[in-house]
Amino acid sequence: NQGGFLSVVVLGASGDLAKKKTFPALFNLFKQGFIPTGDVQIIGYARSKLTNDELRKRIAGNLKPGKNALQDGQAVISEFLKLITYVAGAYDSKEGFMELEKAIASRENVGDGGSSSTRRLFYLALPPSVYPLVSKMVHAHCMNKHGWTRVIVEKPFGKDLASSEELSGQLGELFTEDQLYRIDHYLGKEIVQNLLVMRFANRFFIPLWNRDNIANVQIVFKEDFGTEGRGGYFDEYGIIRDIIQNHLLQVLCLVAMEKPVSVSPEHIRDEKVKVLKAVQPIKDEDVVIGQYEGYKDDEGVPNDSNTPTFATVIVHINNERWDGVPFIIKAGKALDSRKAEIRVQFKDVPGDIFKCKKQGRNEFVMRLQPSEAMYMKLTVKRPGLDMAGTQSELDLSYRERYQDIVIPEAYERLLLDTIRGDQQHFVRRDELRAAWEIFTPLLHRIDCGEFKCLNYASGGRGPPESDDLISRAGLWRRCTA
Ligand code: BG6
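Residues numbered from 1 in each chain as written. Predicted model: local features only at pLDDT ≥ 70, side-chain atom pairs only at ≥ 80, totals over all residues. Heavy atoms only, no water.

Per an unreviewed UniProt entry, the recorded name for the chain is Glucose-6-phosphate 1-dehydrogenase, and the organism is Marchantia polymorpha subsp. ruderalis. Quoted verbatim from the Catalytic activity (unreviewed entry) field of the UniProt record, the comment on the chain reads "D-glucose 6-phosphate + NADP(+) = 6-phospho-D-glucono-1,5-lactone + NADPH + H(+)". Heading Function (unreviewed entry) of the UniProt record for the chain holds this comment: "Catalyzes the rate-limiting step of the oxidative pentose-phosphate pathway, which represents a route for the dissimilation of carbohydrates besides glycolysis." (UniProt positions renumbered as here; feature names shortened; annotations may be inferred.)

Encoded structure:
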């Protein structure tokens, strides 16, 4: 009970994000003992007229007792559901938020014999268009007078630099930066978090991680399904805003940044911002965008949509470490597989006496999903009587190596960080701004149809022009193994 009674308020409690991500993440924390019964309440707020039990029923289907549970089965689910109550109200209703305040305060029991301090966490599981309104209501009626108030928001933070800055300005008038937690759930992924440790705690990598040794870095995200019913939302944004400008750019920052002074959130985020500022304006010849055939059949997608569901973008970072090293970012929906990985491809060995080139380059691969893994591709002598080289792998598969550990879901980790007040894995306002600065000119050209999508077959590799672009970048060769 560090810090007093905790109220978690999920705004948009009857929606999809709350049902699929927020409540299950809270449940996962609960079943591992991170949210102790007695010191916590969870309140759902939304427009639908629901009873407490109706909300609980909606949530229950997505809760899985799993391996990490302290107790088994249904009992732990019922215990968790008991923590949840519901308040119905509109997002612009003063009365609704006053009702919410009453509900929060009634359990906090501050004063005589009760808690001396309390904690309030507001999770905006809502469309960003209502963030300013809801934030104003929370600010006017529900701020905590006996401890901290924190607010979690999630992308899309605007649609371009101007709209994002406008939103930041509106939220900034109500909350300080240390009250705002901007989620990018990729920062909650195990392998993404490992980047920092791996890069700065291993002597192997420190001297090699630069333009003298690295030929290129590839950051790849693929999904083997299309927008499937989310077309209406997706068409407003497209793959660059949905995946690249946030998730993959965050990964790029962690791959490219200098060593921070310490692991404090501010020091880490200072270094990430420097990387973003060193990214060069994106040139047309460094971009391929595509749309899968059949995308326009999805509900809500207009027939003349030029929204990309696929993009390859070559990013150049103009600093001493990375000058001349292309960062190849590729993301697409409806492709041949589902995976996300980072591949660091090293330059050829100078004065090669073993014909290493034939075997393929040294590569260091970090697989975010599926099945977290890190492996190094390297040339070794093929076992046997001859002296031939072959490519092999030094392999760390998390599933095999850490059999007893259940890797936490990104949302679970990020919620716990918010409760603990650790902003390391959240996006700071200046980071967000710098990220939008990189992509806004390109996005505007796509939006007005100046930059056109190429078609690609659903279930394939994306437009062939993407492979051409990557080979034209000149420094990438497919490994043979
Ligand atoms: C979300 C995007 O942020 O990330 C989705 O809006 C995408 O379009 C999802 O499917 C991918 O997340 P994950 O964790 O499944 O890779």
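Asker: Could you give me a rundown of the sheet that holds strand E12 (residues 363-369), with the residues and numbers involved?
Answerer: A sheet is described by the order of its strands in space; here 9 strands give the open sequence E14-E13-E12-E11-E7-E10-E9-E8-E15, paired in mixed fashion. With one partner strand each, in any of the chains shown, strand E14 (389-397) and strand E15 (454-456) form the two edges of the open sheet. Shown here is a sheet whose adjacent strand axes are inclined to one another by a mean of 20°, direction ignored. As paired strands, strand E7 (residues 214-222) and strand E10 (residues 327-332) are joined by 6 bridges and run parallel to one another. Considered in E10, the bridge of Ile219 is made with Ile329. Strand contacts of helix H7 (residues 190-200): strand E11 (339-346), E12 and strand E13 (373-381), with the helix running at about 145° to E12, the strand carrying the most contacts. (Pairing = 2+ DSSP bridges. Helix = DSSP H or I, 4+ residues; strand = E, 2+ residues; numbered from the N terminus. Axes fitted to C-alpha atoms, helices over the stretch in contact; angles between N-to-C directions. Contact = heavy atoms within 4.5 Å.)

Asker: Please provide a residue-by-residue account of the packing of aromatic side chains, values included.
Answerer: Counted under the stated rule, the structure contains 16 aromatic pairs. Ring centres of Tyr45 and Phe97 lie 4.7 Å apart, and the angle between their planes is 40°; on these two criteria the pair is classed as tilted. Of this pair, Tyr45 sits in strand E2 (residues 40-46) while Phe97 sits in helix H4 (residues 94-108), and the two are 52 residues apart along the sequence. Among the residues examined, Tyr45 registers a relative accessible area of 0% and is labelled buried. Residue class for Phe97 comes out buried when judged on its relative accessible area of 0%. (Phe/Tyr/Trp six-rings, centres within 6.5 Å; stacked < 30°, edge-to-face > 60°. Buried < 20%, exposed > 50% of the residue type's maximum accessible area, 1.4 Å probe, protein only.)

Asker: Describe the site of the ligand, naming the residues involved and giving the relevant values.
Answerer: By nearness alone, 13 residues border the ligand, and Tyr186, Lys189, Glu223, Asp242 and Gln369 come closest of all. With respect to the ligand, the side chain of Tyr186 contributes an N or O atom lying 2.4 Å from an oxygen atom. At 2.9 Å, a side-chain N or O of Arg230 approaches an oxygen atom of the ligand. Calculation on the ligand without its partners gives an accessible area of 400 Å², and the protein chains cover 82% of this total. Counting residues per element, the shell around the ligand draws most heavily on helix H8 (residues 231-256), at 3 residues. In the shell around the ligand, the residues fall into 3 nonpolar, 3 polar and 7 charged. (Near = heavy atom within 4 Å. Polar contact = N/O pair within 3.5 Å; in protein donor to acceptor, adjacent residues only side chain to side chain. Areas by Shrake-Rupley, 256 points an atom, 1.4 Å probe, with all protein chains shown as cover. Nonpolar A, V, L, I, M, F, W, Y, C, P; charged D, E, K, R; others polar.)

Asker: So what about the packing of helix H9 (residues 265-278) against helix H13 (residues 429-447)? Which residues, and what values?
Answerer: Relative orientation of the contacting elements H9 and H13 amounts to 15°, with a least axis distance of 9 Å. Classified by the angle their axes make, H9 and H13 are roughly parallel. By crossing handedness, the relation of H9 to H13 is classed as left-handed. For the pair H9 and H13, contact is made by Arg269, Lys272, Val273 and Leu276 and by Asp430, Glu431, Ala434, Ala435 and Ile438, respectively. In terms of residue class, the contact of H9 with H13 is made up of 5 nonpolar, no polar and 4 charged. (Parallel < 35°, antiparallel > 145°, perpendicular 65-115°, else oblique. Left-handed = near helix turned anticlockwise from the far one by under 90°.)

Asker: So what's going on with the environment of Met137? Residues and values would help.
Answerer: Its place among the elements puts Met137 in helix H5 (residues 131-141). Linking Met137 and Phe439, residues 302 residues apart in sequence, is a C-alpha distance of 32 Å. Excluding its chain neighbours within four sequence positions, the residues that come into contact with Met137 are Tyr91, Asp92, Ser93, Lys94, Phe97 and Cys142.

Asker: Outline the pattern of salt bridges, supporting the account with residue identities and numerical values.
Answerer: The final tally for this structure, using the stated rule, is 32 salt bridges. Notably, a salt bridge pairs Arg343 with Glu341, separated by 2.5 Å at the nearest N-O pair. Of the two residues, Arg343 and Glu341, both sit in the buried class. Notably, a salt bridge pairs Asp430 with Arg428, separated by 2.9 Å at the nearest N-O pair. On the basis of relative accessible area, Asp430 is assigned to the partly exposed category, the value being 32%. (Salt bridge = Lys/Arg side-chain N within 4 Å of Asp/Glu carboxyl O.)

Asker: If you had to explain the side chain of Gln250 to someone new, which residues and values would you point to?
Answerer: Relative to the helices and strands, Gln250 is located in helix H8. Among residues more than four places away in sequence, those in contact with Gln250 are Asp184, Leu187, Lys272, Val427 and Glu431.

Asker: Could you give an account of helix H3 (residues 73-82), with specific residues and numbers?
Answerer: Val76, Ile77, Phe80 and Leu81 are the residues of H3 that are buried. Projected down its long axis, H3 shows its buried positions confined to an angular sector of 135°, all on one face. Facing away from the buried side of H3 by over 90 degrees, the exposed positions are Gln74 and Lys82. Residues of H3 that are buried in the fold lie against helix H1 (16-31), E2, helix H2 (52-60) and strand E3 (84-88). (Arc of directions from axis to C-beta.)

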